[in-house]
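What follows is each chain in one-letter form.
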Amino acid sequence: MTIQSVELSNFRNYEREEFHFHEGTNVLYGDNAQGKTNVLEAIFVGGTTKSHKGSKDQEMIRAGEKEAHIRYFIEKREKVIKVEVHMRRGSAKGIAIDGLPIKNSNELLGLSNLVFFSPEDLSIIKDGPEERRRFIDMEMCQLNKAYLFYLTQYKKILKQRNALLKQIQENRDLKSTLEIWNGQLVEHGGKIIQLREEFAGELNEIMKKKHASLTGGKEEVDITYDPNCRQQDLEAKLFMEEDRDIFLGTTTVGPHRDDLIFITEKKDLRKYGSQGQKRTAALSLKMAEIEIVERTAGEKPVLLLDDVLSELDRNRQNYLLENIKGIQTIITCTGLEEFVKNGINIDRTFEIINGTSKQNEMAKV
């Protein structure tokens, strides 16, 4: 899969701009706060319906405007597909594929396969479980429609059960109705646990190899899936914790409290790893993500690199650039000096100045 072009209208600081990408390496460069990352964000929204930063729709609409548009063309198995995203203040976004509106934004997931890598991805390693759940959910939803279905249903049921728990605090007679929601949580939550366990196993297998290659065999890393509750125990634990859940007004058992643990040198990397070790693990994780997408989807993803090279030392830079050959890549950076210094070829550059772009065709530096 490759991205042919992206057209923006009133998106972030762009009034109206078009970007036509090369199937190889594309570099968006310019000073900070000019709008480079906004282009990657628009691509990610076009592929997943969501901002990689978790921004709300109204935050992505240009200041003073009522609506924003993203028009996004991809080539997939020799077919060109047009995706349009329309965001309006105060209403849900509208999405169309090849001119046909879709009723559910989840229909868009899986059409594009994107891997986003930014310095903030260190948060997957160093922050709390929520960041790691977000990572695994975003990746699996792009690759597995069944997982997307189970997760969507689970979140709806969880919201309804939590609302009921608060009602029971006022009226204990409602407690008997918890059994209905417990059964549905077990049905969908059990599937989520099963699929996450399978995904984490595959991810661990690939990441171990990537990490060993990156560190010259000096370090090993393991990913351990740490479920809040095992699949076979979910029903019993929900029942056991009912009174506690009612007291707290929230569900304390289930996959919405799962975690991934990164282990190196037999220690929890989040707690005991150095900054360098965490950067290396984050890079290994992203390289593993690329391979999983290719294995599962049968085609290479598009790689979005947001100011990553400046965060990596020369060894990690070389490893990254060597391993993304043959993958369409869109990179943001402040200047082209690092590419010149390392003799790296660029297929197309875009100079970004305050929400406008100047494209240089087939520039080689």
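What you see is a predicted model, and the numbers here were worked out from it, not measured in a lab.

(A) Representation of the overall build of the chain in the model. Within the chain, the regular secondary structure consists of twelve helices and 15 strands. In terms of overall size, the chain behaves like a compact globule, its C-alpha atoms giving a radius of gyration of 22 Å where 365 residues would be expected to give roughly 21 Å. Seen along its three principal axes, the alpha-carbon backbone of the chain occupies a region of about 70 × 55 × 35 Å. Counting across all 365 residues of the chain, residues that qualify as buried make up 52%. Counted over contacts in the chain with a minimum sequence separation of 6, partners at least 24 positions apart contribute 70%. Only carbon and sulfur atoms are counted for the fraction: they give 46% of the accessible area of the chain, which is about 17,400 Å². Taken together, the 55 basic and 59 acidic charged side chains of the chain have centroids lying 2 Å from each other.

(B) The arrangement of the layout of surface pockets in detail. Each pocket or cavity is described by its volume, and for the largest pocket that value is around 740 Å³. Lining the largest pocket are 26 residues, with K50, D137, M138, L151 and K155 sitting closest to its centre. Of all elements in the fold, only α4 (129-143) and α5 (145-170) reach the threshold of two or more residues within the lining of the largest pocket. Residue composition of the lining of the largest pocket, by class: nine nonpolar, nine polar and eight charged. Roughly 480 Å³ of internal volume is contained in the second largest pocket. Along its surface, the second largest pocket is lined by 23 residues, and H52, F116, S118, D121 and R134 are the ones closest to its centre.

(C) A look at α4. Its 15 residues give α4 an end-to-end C-alpha distance of 21 Å, which sits within 8% of 21 Å, the value for a rise of 1.5 Å per residue. Where burial is concerned, most of α4 is hidden: eleven out of the 15 residues are buried. For α4, the full list of buried residues reads R132, R133, F135, I136, D137, M138, E139, M140, C141, Q142 and L143.

(D) Up close: the packing of α4 against helix α6 (residues 178-214). Here α4 crosses α6 at 95°, and the two axes come no closer than 11 Å. Classified by the angle between their axes, α4 and α6 sit roughly perpendicular to one another. Here R133, F135, I136, D137, E139 and M140 of α4 lie close against α6, whose contacting residues are L195, R196, F199 and L203. For the contact of α4 with α6, the residue count by class is six nonpolar, no polar and four charged.

(E) Main features of the sheet that holds strand β9 (residues 222-226). On the basis of which strands lie adjacent, the open sheet formed by three strands has the order β9-β10-β11 and antiparallel pairing. Bordering the open sheet on either side are β9 and β11 (267-268), each of which pairs with just one other strand. Across two bridges, the pairing between strand β10 (residues 259-264) and β11 is antiparallel. What sits directly across from T264, in β11, is K267.

Calculation rules
- Numbers given for residues are sequential positions, taken from 1 along each chain in its written order.
- Selection of residues for local features in this predicted model requires a pLDDT of at least 70, selection of side-chain atom pairs for listing and counting requires 80 or more, and totals for whole chains, interfaces and linings are taken over all residues.
- Here the side-chain values reflect all heavy atoms present in the structure, with hydrogen atoms and water set aside.
- Numbering goes from the N terminus for both helices and strands, where a helix is a DSSP run of H or I of at least four residues and a strand is a run of E of at least two.
- Note that the radius of gyration is over C-alpha atoms, with the globule rule given as 2.2 Å times the number of residues to the power 0.38.
- Burial classes follow relative accessibility: with a 1.4 Å probe on protein chains only, a residue under 20% of its type's maximum area counts as buried, one over 50% as exposed, and anything between as partly exposed.
- Whether two residues are in contact is decided by their heavy atoms, any of which lying within 4.5 Å being enough.
- Note on areas: these come from Shrake-Rupley sampling with a 1.4 Å probe, and a residue is covered only by the protein chains present in the view.
- In this tally, Asp and Glu contribute negative charge and Lys and Arg positive charge; neither His nor the terminal groups of the chain are included.
- One atom stands in for each charge, and that atom is NZ of Lys, CZ of Arg, CG of Asp or CD of Glu.
- Cavity: a set of points on a 1 Å grid over the protein atoms alone where a 1.4 Å probe fits but cannot get out. Pocket: an open set with protein on both sides within 12 Å along at least five of seven lines, its lining residues, like those of a cavity, having an atom within 4 Å of a point.
- Grid points are joined across faces, edges and corners, and a volume is the space filled by probe spheres set on the points.
- Three classes are used, and their members are as follows: Ala, Val, Leu, Ile, Met, Phe, Trp, Tyr, Cys and Pro are nonpolar, Asp, Glu, Lys and Arg are charged, and the others, Gly among them, are polar.
- Here, expected helix span is obtained from the residue count minus one, scaled by 1.5 Å.
- The angle between two axes is taken between their N-to-C directions and runs from 0 to 180 degrees, where each axis is a line fitted to C-alpha atoms and a helix contributes only its stretch in contact.
- The labels follow the angle: roughly parallel below 35 degrees, roughly antiparallel above 145, roughly perpendicular from 65 to 115, and oblique for the rest.
- In this analysis, strands are considered paired if DSSP registers two or more bridges between them.

Function cannot be read off these values alone, since they describe shape.
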